[in-house]
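Tertiary structure, described
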Amino acid sequence: MSDNAPHLRLYNTLTHEKEEFLPVDRENVRMYVCGPTVYDYAHIGNARPVIVFDVLFRLLRHLYGEDHVNYARNITDVDDKINARAARDYPDLPLNEAIRKVTETTNAQFQADVAALGCLAPTSQPRATETLDEMRAMIDRLVKRGFAYVADDHVLFSVSSMNGAKGLPRYGALARRSLDEMIAGARVDVASYKRDEMDFVLWKPAKAGEPGWPSPAGIEVPGRPGWHIECSAMSMAKLLQPFGGGLQCDDPEKNVFDIHAGGIDLVFPHHENEIAQSCCALGSDRMANIWMHNGFLQVEGQKMSKSLGNFVTIRELLNDWSGASMRLAMLLTHYRQPINWTLEKLTAARSELADWAACVFDGVLLGEFESRLLTNSRPPIDPRVISPLLDDLNTVGAITGIRALYHEASSNDDTKIHLLNAAHFLGLFSLRNIGALLTNSASGTAPIARFSEHRQLISKVQAASANFDSAAIQQANTTISSQGLVFNIDEADGFVSFDKIDSSSNEPDDIQAKIDERLFYLREKNFAEADRIRSELLEKGIQLKDGKDPATGERVTTWEVKR
């Protein structure tokens, strides 16, 4: 991004003002977004921050370069709800094994769902269970600095110790509430071991049968972290490492990252408590420079609730609607405003996307679209789309710009590529979804011979994949390898798309030779060499998938280009 490039302005919940975005380090722009607690399918309300901040991620990459944006979105896999779901769904399994089943299955579904919504994978997705060392280090530091205390095998944060301390923010500044207002509005856990009713748990002892880990602060019994400390530790671990190791850095100015985001419901107490424990542990006056929050979501004018029968998951909606239609319907409301999720909006979004797709893909541009996607090029985006996004992520204005391009493209072929670029930039067009969009076009057909040819091959590959027919899959790969493409099969939903292969190092025959070599090592029980080959291929972007031939029971290995 050059010095005279357009400037991005974002609304900061902390100041209640739009501010010019000035990254701490232009070479390493950093954003953290609170992610899912993996105990159940994500609902459509969960999709809103994922989609909104995916657009911000795309915009930051456009402005600063893909290699200069670090986006962390966490996975919470330690939680009472997870424990309860594991005990309910797998009563015959040991709890820890049941918990692992719940978290792995739910997380895999979440990743598949948000990918179907057109969201890019974040730079990192730290898990709570993988960041326990950082949590314990932060808690020990808080105790040492006098901001936390041990009581009855718990570690609690002392809210009163923070207020008035030099160089630290005031507790409640983000939520803009006084202490009395926070007490009145919070569900305060009354416990005899608390010094003050607003103090909150950083670490607690594990109950009998619950998962537990070695405790910090000299506590001898195993325990588990509180909710708030998890996000503080995960954000520090993933976003402050370039400054020398996060918790090990004693320069307060270097313990700050650029953007922290999430739903408006997280402002208090979660984000307020994150700020408190992070700033007190690291001695800084802020945790992140800009705090962003998306508004609430209602369904057909009512708050989403299982009791009202309007609780709907992303997965359920994807059974009837394309991810692109859901994404466009979401982006047609500014992210800070409440959104009313209706059938009417979904229907209109689907129709509009189909019109755009039918306009663009007229038998000429599909190949260019594939080429742009598969080579990860960064085509220019029309200013009518980019400029609104620079004003606090105004997606409504950006879509107005796309509509203008559509009207121009209807009578001007040269504009079609600009419409394609803009829709792809917002995550609305992709190789994954274009078939569904064209199927829903007003004409009902699309004159794209090559696309039709590919769809016929896709049907064969889907059938072969379902039957573990590796020979048929390989034959289909060979059929299109002359075009520099290879099939990519999504395990979650069986979706087949295309990826480009590097003909200099990833020829199908070469890959198959490596697979055959690995199978030999597996038969010889030389697992180290087998793992080496898998890792070698993965570094080249080739993902192996093992299955069994239903007839013979023998191992069958297929491959795909890793996205």
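Scroll up a little and you will see the structure.
Treat the numbers as computed from the prediction; the structure is a model and nothing was measured.

This part covers the environment of Thr395. When you line up the elements, Thr395 lands in helix H14 (residues 395-409). Separated by 65 residues in sequence, Thr395 and Met330 have C-alpha atoms that sit 9.5 Å apart. Ignoring anything within four residues of it in the chain, the contact list for Thr395 reads Val55, Leu331, Thr333 and Leu389. In this structure the side chain of Thr395 is engaged in a polar contact, spanning 2.7 Å, whose partner is the backbone oxygen of Leu331.

Now for the environment of Gln302. If you trace the backbone, Gln302 turns up in strand E12 (residues 302-303). Using a relative accessible area of 42% as the deciding quantity, one classes Gln302 as partly exposed.

What follows covers unusual backbone geometry. A cis amide bond links Phe268 with the next residue in sequence, Pro269, at an omega value of 10 degrees. If you trace the backbone, Pro269 turns up in helix H8 (residues 267-282). Positive phi outside glycine occurs at Glu300, with the angle close to 50 degrees. Examined against the element boundaries, Glu300 turns out to sit in the loop between strand E11 (297-299) and E12. For Glu300, a relative accessible area of 47% puts it in the partly exposed group. At Leu393, a position not held by glycine, the phi torsion is positive, near 55 degrees. Inspection of the secondary structure assignment puts Leu393 in the loop between helix H13 (383-390) and H14.

Here the focus is the packing of helix H10 (residues 323-331) against helix H11 (residues 343-360). Across the interface, H10 lies against H11 with an axial gap of 8 Å and an inter-helix angle of 115 degrees. In terms of orientation, H10 lies roughly perpendicular with respect to H11. Handedness of the crossing formed by H10 with H11: right-handed. Along its contact with H10, which presents Ala324, Ser325, Met326, Leu328 and Ala329, the element H11 presents Lys345, Leu346, Ala349, Arg350, Glu352, Leu353 and Trp356. Its residues assigned to classes, the contact of H10 with H11 comprises 8 nonpolar, 1 polar and 3 charged.

This brings us to the sheet that holds E12. The strand order E12-E11-E13 describes an open sheet built from 3 strands, whose pairing is mixed. In this open sheet, the two edge strands, each paired with only one partner strand, are E12 and strand E13 (339-341). In the sheet, E11 pairs with E12 via 2 bridges, with the strands oriented antiparallel. By the bridge assignment, Gln298 is partnered in E12 with Lys303. Sheet strands in contact with H10 are E11 and E13, and its direction is about 145 degrees off that of E13.

Here we come to the pattern of salt bridges. Taken as a whole, this structure holds 22 salt bridges when the rule is applied. Residues Asp40 and Arg85 are paired through a salt bridge, measuring 3.5 Å at the closest nitrogen-oxygen approach. You can see Asp40 sitting in the loop between strand E3 (29-33) and helix H1 (44-64) and its partner Arg85 sitting in helix H2 (residues 80-89), a full 45 residues away along the chain. Owing to a relative accessible area of 27%, Asp40 belongs among the partly exposed residues under this scheme. Taking relative accessible area as the criterion, Arg85 reaches 15% and is therefore assigned buried.

The next thing to look at is the sheet that holds strand E4 (residues 69-73). Taken in spatial order, the 4 strands make up an open sheet running E4-E3-E9-E10, and their pairing is parallel. Each having just a single partner strand, E4 and strand E10 (288-294) make up the two edges of the open sheet. Strand-to-strand twist across the sheet, computed as the mean angle between neighbouring axes with direction ignored, equals 20 degrees. As defined by bridge partners, E3 adjoins strand E9 (residues 257-263) across 3 bridges and the pair is classed as parallel. Note on E9: the bridge partner recorded for Val33 is Ala261. Along the sheet face, H1 touches E3, E4, E9 and E10 and points at about 165 degrees away from the line of E4. The strands touched by helix H7 (residues 227-239) within the sheet are E3, E4 and E9, with E3 carrying the most contacts at an inclination of about 155 degrees.

Rules behind the numbers
- Residues numbered from 1 in each chain as written.
- Predicted model: local features only at pLDDT ≥ 70, side-chain atom pairs only at ≥ 80, totals over all residues.
- Heavy atoms only, no water.
- Helix = DSSP H or I, 4+ residues; strand = E, 2+ residues; numbered from the N terminus.
- Contact = heavy atoms within 4.5 Å.
- Polar contact = N/O pair within 3.5 Å; in protein donor to acceptor, adjacent residues only side chain to side chain.
- Buried < 20%, exposed > 50% of the residue type's maximum accessible area, 1.4 Å probe, protein only.
- Axes fitted to C-alpha atoms, helices over the stretch in contact; angles between N-to-C directions.
- Parallel < 35°, antiparallel > 145°, perpendicular 65-115°, else oblique.
- Left-handed = near helix turned anticlockwise from the far one by under 90°.
- Nonpolar A, V, L, I, M, F, W, Y, C, P; charged D, E, K, R; others polar.
- Pairing = 2+ DSSP bridges.
- Salt bridge = Lys/Arg side-chain N within 4 Å of Asp/Glu carboxyl O.

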